[in-house]
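Residues per chain are reported as follows:
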Amino acid sequence: MAGSLTQNWDVVIAGGGPAGFFAAIRCAELNPKLSVLIIERASQTLGKVLISGGGRCNVTHACYDPAQLITHYPRGGTELRGAFSRFHPKDTVEWFEARGVKLKTEADGRMFPVTDDSNTIADCLREAARKAGVRVELRTSLLRVEKGSKGGFRLEVRNDAKNFILQTKKLLIATGSDRKTLDIVKSLGHTIIDPVPSLFTFNIKDKRIEGLSGVSVEHVTLRMDAITTRGALLITHWGMSGPAALRLSAWGARELFEKKYHARLTVNWLHDHSFDKALEILQRNKDWKENARRRVASAPAFSQIPIRLWRQLVDFAGEKNWGDVSKAELRKLAQELTAGEFEIQGKGQFKEEFVTCGGVSLKEVDFKTMQSRAVDDLFFAGEVLDIDGITGGFNFQSSWTTGWLAGNALGE
Ligand SMILES: Cc1cc2nc3c(=O)[nH]c(=O)nc-3n(C[C@H](O)[C@H](O)[C@H](O)COP(=O)(O)OP(=O)(O)OC[C@H]3O[C@@H](n4cnc5c(N)ncnc54)[C@H](O)[C@@H]3O)c2cc1C
């Protein structure tokens, strides 16, 4: 390959993921005279797109207000505010639709191709790149970058166990969370925020949730120190998952990393019922005549808690009849239901969507063009930046947006 590849390029894009493709296509469509090359280390492009969303690819989220959209990004929201006013989920929908791919919206706002097949998205991107004249080189890694003496860059790349040199006027780094490439970016003078995992499940071994794998509660509130998240909670073999837990893992990604994934978690199984409100309802259940001879375990006071979970949460008073429950026990029940304490003992992995927070410091990037403020003609897009979203299509959206903006500037 190396022999047949031209050495001089207008634009080289390192990384054939969604951000790199979006940038390449936008740039080449805008300015067909430019020579545009994507170098991709793997043997295929768009690897994460293919495995994303359980093979369905959650392309974006039906949230069309930039101010609302940025609330889904634990890191990068502020910087993305302006970027989203230039390219947001509606533009993503239109972009794919213009190329023959229709997206559908699920009840929770997540958007997928109507085919429910991530190949539809990958094929569309590859075809658009081909049509726009973008050259793609597989099994080709970026190893080193030097600023050229007369501008541009001298790139050392590796393919087929051989190293060779490429020259390019402009360079876009869209290599995702790859640590080795972050070292290259650091060597160019950029600050790198230490990458750590985001979006993971919690390992919790606790009698109250033992044997309940698969049980879910639709509206819970989770709290860890100053971080509060709401949503559905799913009990798993290893602990807790579901939107509320994943959100907490994203907002608390750095804190949890620092605590080596050991932390105290408070669960309000009654969404936002206060202790007093729960106590009042429990008292009513106790006072209700028909309940007097019913066991607490088999006569739940709250319909939103599945019976199997209820039994385990109220185990300490479960065998008593409602009529015999003491005031102190009622208070303990209210406490358990609105502020149950659990210990996070480790992290699992959320296989549907796994992202890293950290990367290139956002202060050093101009979000109108995605150009480096430290190095002329160097651009960034996608997860290589210190941006990450919660689950729901927000991570791809930041790749589409930053990729499109970079492509716009590269194509000028
Ligand atoms: C299992 C899984 C499921 C996911 N599902 C979803 C989802 O449904 N919705 C959503 O919004 N997000 C999802 N995500 C997150 C999403 O995939 C990422 O946020 C997104 O892919 C980031 O895009 P990117 O282009 O910045 O980086 P990447 O997709 O990581 O692409 C970077 C590319 O650069 C290449 N590369 C790295 N280093 C070099 C180098 N030195 N030289 C050349 N090439 C290099 C890599 O091989 C890779 O192909 C999922 C992630 C995972 C892991």
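In this text, all values refer to a predicted model and were calculated from it rather than measured experimentally. (Residues numbered from 1 in each chain as written. Predicted model: local features only at pLDDT ≥ 70, side-chain atom pairs only at ≥ 80, totals over all residues.)

Brief notes about the site of the ligand
Basically, it comes down to this: Only the C-beta atom matters for nearness: placed from the backbone, it must lie within 6 Å of the molecule or strand for the residue to count as near. Each helix is a run of H or I in the DSSP string that is no shorter than four residues. Each strand is a run of E no shorter than two, and both are numbered from the N terminus. Residue polarity is assigned by list, with Asp, Glu, Lys and Arg as charged and Ala, Val, Leu, Ile, Met, Phe, Trp, Tyr, Cys and Pro as nonpolar; anything else, Gly included, falls into the polar class.
In the neighbourhood of the ligand, 37 residues make up the surrounding shell, with Gly 15, Gly 17, Gly 53, Gly 176 and Gly 382 lying closest. Contributions of two or more residues to the shell around the ligand are made by α1 (18-30), α2 (47-51), β7 (140-147) and α14 (394-410). Partitioned by chemical class, the residues of the shell around the ligand number 13 nonpolar, 16 polar and eight charged.

Remarks on the sheet that holds strand β4 (residues 103-105)
Rules: Two strands form a pair only when DSSP identifies at least two bridges running between them.
Strand order in the open sheet formed by three strands is β3-β5-β4, and the pairing between neighbours is antiparallel. Strand pairing shows two members of the sheet lacking a second neighbour, β3 (60-61) and β4, which therefore form its edges. Pairing of β3 with strand β5 (residues 110-113) involves two bridges; the strand directions are antiparallel. Residue pairing for β5: Thr 60 is matched across the bridge by Met 111.

Structural notes on the domain arrangement of the protein chain
Our working rule: An automatic or database domain assignment supplies the residue ranges for each domain. We call two residues in contact whenever the C-beta atoms placed from their backbones are within 7 Å.
Domain boundaries in the protein chain define domain 1 (2-197 + 353-410) and domain 2 (200-349). A straight line from the C-alpha centre of domain 1 to that of domain 2 covers 41 Å. On the domain 2 side, the residues contacting the eight residues of domain 1 number ten residues. Counted by class, the side of domain 1 that touches domain 2 contains six nonpolar, one polar and one charged residues.

A closer look at unusual backbone geometry
The backbone phi angle of Arg 139 is positive, close to 50°, even though this residue is not glycine. Relative to the helices and strands, Arg 139 is located in the loop between β6 (135-137) and β7. With a phi angle near 65°, Asp 377 is a residue other than glycine that sits in the positive phi range. Within the secondary structure, Asp 377 sits in the loop between β20 (371-372) and β21 (378-380).

With respect to the nonpolar core
To be explicit about the condition: In this usage, the nonpolar core is the set of buried Ala, Val, Leu, Ile, Met, Phe, Trp, Tyr and Cys residues whose C-beta atoms join them within 7 Å. The exposure scheme places C-beta atoms from the backbone and then counts, for each residue, the other C-beta atoms within 10 Å of its own, assigning buried at 20 or more, exposed at 12 or fewer, and partly exposed in between.
If you look at the biggest cluster of nonpolar residues, it comprises 112 residues, and the most contacted ones within it are Val 12, Ile 13, Ala 23, Ala 24, Leu 172 and Phe 379. Contact partners of Phe 379, with chain neighbours within four places excluded, come to Lys 170, Leu 171, Leu 172, Met 370, Gln 371, Ser 372, Ala 406, Ala 409 and Leu 410.

Let's talk about the packing of helix α10 (residues 275-287) against helix α13 (residues 327-339)
Worth spelling out the cut-off: Interaxial angles span 0 to 180 degrees and are taken between N-to-C directions of axes, which are lines fitted to C-alpha atoms, for helices over the stretch in contact. Here roughly perpendicular refers to angles of 65 to 115 degrees, roughly parallel to angles under 35, roughly antiparallel to angles over 145, and oblique to all remaining angles. The crossing is said to be left-handed when, going from far helix to near helix, the turn is anticlockwise and less than a right angle, and right-handed when the turn is clockwise.
Their axes nearest at 9 Å, the elements α10 and α13 cross at an angle of 130°. Our classification of the angle between α10 and α13 gives oblique. Relative to α13, α10 is oriented so that their crossing is right-handed. Mapping the contact onto sequence places Phe 275, Ala 278, Leu 279, Leu 282, Gln 283 and Lys 286 in α10 and Leu 330, Arg 331, Leu 333, Ala 334, Gln 335, Leu 337, Thr 338 and Ala 339 in α13. Its residues assigned to classes, the contact of α10 with α13 shows nine nonpolar, three polar and two charged.

Looking at helix α7 (residues 179-187)
An α-helix turns once per 3.6 residues; consequently, residues spaced three or four apart project the same way. Rules: Throughout, the arc means that of the directions going from the helix axis to the C-beta atoms.
Looking at α7, one finds that the buried residues are Thr 181, Leu 182 and Val 185. The arc that holds the buried residues of α7, viewed along the axis, is 105°, so those residues lie on one side. Pointing more than 90 degrees away from the buried face of α7 are the exposed residues Lys 180, Asp 183, Lys 186 and Ser 187. Where α7 is buried, its residues touch β1 (8-14), β7, β9 (162-173), β10 (192-198) and β18 (355-360).

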